[in-house]
Amino acid sequence: MRDANGTRFELLLGQSDWGRCTFFDPDGMQRTLAEAWTDAATRSRLPLAFDADTQTLSLARRVSRFRAAQSDTPPDPAQRLGATTDAFDSVYWIASAGERVDVLSSGSRRVALYALANPAPDAAGGAHGDFAPLADPPAPPPRRLRGLAATTEHYLVAGVLPGTTGRGGLRVFDLVGGGPPLELVWPAAWPFVVHDLAPRPGGGVAVLDRENRRIWMLDRRLGMQAVFTVEADDASRPDDFEPANGPASPVSSPEAAPHRSWFDLVVDPDGSGRDPVAIEVLPDGTVLVMDAAGPDGFALLSLYAAGALAAHASTRAVLDIIDADERAGFVLRGHDCALMPRPPEQPPRLVIASHEGNQCFAFDLLIGPASLALDPIESFLPMRRFTGKGLVRRAADAATLRIAEDTGLLYDGMATWLPLVAQTRPRYEPHAELETPLFDSGEPACAWHRLVIDGCVPPGCELRVATRAADSESVLADSAYLGEPRPMLRPDGAELPWLLDGPGVQTDPARGRGCWELLFQRARGRYLQIRLTLAGDELATPRLLALRAWSTRFSYSRRYLPAVYQEDESSADFLERFLANFEGVLTQIEDRIAAASALFDVRCAPRETLDWLAGWLGVVLDPAASEARKRLLIRFAVPLFEYRGTTQGVRLATELALSPCVKPQDFALPARSQHQPYGIRIVERYLTRRLPDALLGETVIDAPRLMRAGNRWSPAEGAESLHRRYREALQRAGIAATDTAQFRPVQPVGDAEAGVWRAFCAAELGAVPQLADALVRRWREFLATLTDQERGNLDADFSGPDLPRSWPSDATQQAIWRRFVQSALPAELGRWLARWQAFLARRYQRVEAFAAAWGVTWPAFELTPAPDLVPTGVSALADWAFFETRLEAMAHAAHRFSVLLPSSGPLADAAQLAQRVDWAQRVVRLEKPAHTVFDVRPYWAMFRIGQARLGLDSLLGQGSRAPELAPQIIVGHGHVGAGRVALQPHAPRARLLLAC
């Protein structure tokens, strides 16, 4: 890329480019940053680090050691008796030397007694009837609890230490159903002393027996689960029970051998496995055991897979992230450990509480086929007044943590349980140097122009630059670096017009953020190499986003001044550097002038010019719209204007405002309104006269409907068939009907027959005729307003309660009918009658053709009434049926439409859905035709079969009772039937079995 003067630049941007730079590692070897970053052995000792989130190079971060004060008391291992959390984040722990279980409720945040290790006997029933015991039963031996875990089946499991009976066991509390605990006493043949418990994925617990160096695996029903086969000698022994018809067949293969539900810890001669204090079960079912101290004095982690030791790993790797001046005398001995909530695609992360009791350290577990490596995390995790009860993991997963620094763990401190949060108190390396790769200008004796670095150099930090240049690479390698002036912060942002106020280069002098620039003073030669020195006060660090080295310098003195100014070398050099300051300012202006066309291209125009560019088209952009939406709207404003007011235009404008993804192909208008079944739908009401709401995407609860067998009446059957069907309907309803009774498009007077009439119209015609009924009622009211003289001039056919059949011959009657049609009808009824008359005019064109087809004599279409009797002629019957069943239904729904927004059903957030509906109303109100009426409603973007819904991605499993499909009901926001009252779904209860 070149500027207006033809100067180009060499660029370093991103981790791959910065990784090409070299540095001297702590061993004195020159290496590239890319090699050092990928080397796990030296990665934590590097002075430079690359932040993938900000894409910047900075000084490496170091972890401070939180030294304990002289008055601090280290945690007592005897205090760590057991602690856990349930699915609702209530914390349970064993207190009073194992005599009780306390709980910190997540709702009230109060501490209460949950259970006693030795509950008092029930003294409520004092009377025993006529019989009483001879003596009080002996008191049970006192028991102590140790180890606590809450399973995924909502059971709280506590370990019971051996008492006077010498037998340990488990005590199980039902957190959902309540009731007395269930005692599981261990068989006497197996020694069992609980030290720690850990829940297993999918249910069950793993038990650490420290005294006997053994791990017990219990399944979801808290029964012993086999982990591997026993030895051949044990497997060959006969069973205690044999079939009656002979001895059992011997075991012929290891797969058929009995199985054990425990395995012993491996104790190495060097001391590993001799001090187990904590146990955790990884998501894949492997068991992780932590020794408080290994052979090197640091906590030791042992990984067991299928009952066999897979690998050891010492936490000595934590020294790689501890400051060098803090490493002397530092030893990490483990007090407790817990797994952090992590996404499945990331490696497990283990947090270990130090024996000093004031700090935790986090490690990523890099697990291989037969290896375990610990990658220490550079995070500062202090604890306040840790009393030593332990670390517990909250029920929240990694996606629901409120802040990124939250580990999802709790520790007991300050007389309560506090969240373990990483403190943002970074400490950085004080100094680091790196050398860029060789930059080739392609011109011998090139005068390198300037260096621009996008990034941040905060107060207290420094960025120094030195360069060396030569015309050959061999000479350059032997050249010394020469210091350059200190970079200065540009006041107006980046020198490139398209990077002005871009990401990472916003100018902020108070924080030292922006573009740092210097003019090269001593860089002369084809090849250039730059050495950057980053220095800080250990509390802050420079951050480098991009580096641009410009060449060749455009000389104002050589291009625009006489040659006399070049005669003296020293003055020419001063003049060259002096004019270069003006060249840097003027070139930037020239670049913007040359790139002015980019301001008119919506694809590359700066973000702040979009409103100005939209004003050229008369478009006002919504401030809430994203930048990408604004660019699409400006780019396709002309097609939107062409189709404004149409269904395609309304749909596309709504899609542009609400849809998460709008492709440029969608603007290839005209297009189908329903081009995707799950998108925004425009439903015009005149097209829905016979469709139920459920077929239009509306979420309704339909009651079971009885569908009548047979076909509807059609005009091809004639009027007599319609009359006969009507008489049959009256008879089925128990209403007497003569053989001459006929169906009329006027509602009968009686309520019973009127109900049958309406149901018959809906079933046989598909619509209830209303025009003739309204005209007859209005005609009767009009006749009542006539004078006696006018009423006396009316003949029998004209003065009856029915509408006239044909045009009267008397002039007085003609005037009365004209007055009725032209001035006596209400406005709505007049427009209604005009639709009928316009339909006849369009169909027959001439009134004579209409009169011949209907057998009537009306002088004009404007005087023709709607028939109040079913016509008998074929053409007249077809006209009447088509108008009443088709055109009227369309006319009532004309100029009305609905906008249906896709929704996720009960999972949709009520406030967010209301905001989307409001936004859609604003957009449609601007885009719709002025004479139309609309409404905006959400619909479930799913097909429905009964009450089971089939969406774009089908989920087979728990069905409609799944908590994901029925969220919690919130008063004022949820809907009855679309949610659930229970806080959490509970697994079905199963009997607890212990295999003995």
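Located above this text is the structure these notes cover.
Got a minute to help me understand the nonpolar core in this structure?
Side chains of a nonpolar character, in soluble globular proteins, are inclined to be buried together. Core analysis: the largest hydrophobic core is formed by 37 residues, its most contacted members being Trp 18, Ile 530 and Leu 532. Broken down by element, this core gets its largest block of residues, 4 residues, from strand 41 (residues 527–535). Beyond its immediate sequence surroundings of up to four residues, Trp 18 is in contact with Leu 12, Leu 13, Leu 33, Phe 50, Leu 57, Leu 434, Leu 532, Leu 544, Leu 545, Ala 546 and Leu 547.

Quick question: what am I supposed to make of the sheet that holds strand 24 (residues 308–314) here?
Neighbouring strands of a sheet are bound in pairs by backbone hydrogen bonds; such pairs are parallel or else antiparallel. Read from one edge to the other, the open sheet built from 4 strands follows the order 21-22-23-24, with strand pairing classed as antiparallel. Each edge of the open sheet carries a strand with a single partner, namely strand 21 (276–281) and strand 24. Across the sheet, the mean angle separating the axes of adjacent strands is 20 degrees when strand polarity is ignored. Pairing analysis gives 5 bridges linking strand 22 (residues 287–291) to strand 23 (residues 300–305), with the strands arranged antiparallel. When the bridges of strand 23 are listed, Val 289 appears paired with Ser 302.

Would you mind showing me how to read the sheet that holds strand 7 (residues 83–85) here?
With respect to topology, 4 strands assemble into an open sheet ordered 7-8-9-10, the strand pairing being antiparallel. Looking at the sheet topology across the chains shown, the edges are occupied by strand 7 and strand 10 (111–116). Each strand of the sheet is rotated relative to its neighbour by a mean of 25 degrees, with strand direction disregarded. Relative to strand 10, strand 9 (residues 100–104) is paired through 5 bridges, and the arrangement is antiparallel. The partner of Arg 100 across the bridge, within strand 10, is Leu 116.

Before we go on, may I ask you to explain the packing of helix 13 (residues 771–784) against helix 16 (residues 811–823) in this structure?
If you want to describe how two helices pack, look at the angle between their axes and the distance between the axes. At their nearest, the axes of helix 13 and helix 16 sit 11 Å apart, and the two run at 125 degrees to each other. Classified by the angle their axes make, helix 13 and helix 16 are oblique. When the axes of helix 13 and helix 16 are compared, the crossing they make is right-handed. Side by side, helix 13 and helix 16 meet where Leu 775, Arg 778, Trp 779 and Phe 782 of the first sit next to Ile 816, Trp 817, Arg 819 and Phe 820 of the second. Here the contact of helix 13 with helix 16 is built from residues that sort into 6 nonpolar, no polar and 2 charged.

Hey, could you run me through the packing of aromatic side chains in this one?
Two aromatic rings are characterised by how far apart their centres lie and by the angle between their planes. One pass over the full model with this rule turns up 36 aromatic pairs. Between the aromatic rings of Trp 817 and Phe 820, the centroid separation amounts to 5.3 Å while the plane-to-plane angle is 35 degrees, which identifies the pairing as tilted. Taken as a pair, Trp 817 and Phe 820 lie in helix 16 at a separation of 3 residues, close to a single helical turn. Taking 5.9 Å as the distance between ring centres and 50 degrees as the angle between the ring planes, the aromatic pair formed by Phe 850 and Phe 861 counts as tilted. Placement of the pair is Phe 850 in helix 18 (residues 847–854) and Phe 861 in the loop between helix 18 and helix 19 (874–892), with a sequence separation of 11 residues.

Procedures and definitions
- Residues numbered from 1 in each chain as written.
- Predicted model: local features only at pLDDT ≥ 70, side-chain atom pairs only at ≥ 80, totals over all residues.
- Heavy atoms only, no water.
- Core = buried A, V, L, I, M, F, W, Y, C linked by side-chain atoms within 4.5 Å.
- Buried < 20%, exposed > 50% of the residue type's maximum accessible area, 1.4 Å probe, protein only.
- Helix = DSSP H or I, 4+ residues; strand = E, 2+ residues; numbered from the N terminus.
- Contact = heavy atoms within 4.5 Å.
- Pairing = 2+ DSSP bridges.
- Axes fitted to C-alpha atoms, helices over the stretch in contact; angles between N-to-C directions.
- Parallel < 35°, antiparallel > 145°, perpendicular 65-115°, else oblique.
- Left-handed = near helix turned anticlockwise from the far one by under 90°.
- Nonpolar A, V, L, I, M, F, W, Y, C, P; charged D, E, K, R; others polar.
- Phe/Tyr/Trp six-rings, centres within 6.5 Å; stacked < 30°, edge-to-face > 60°.

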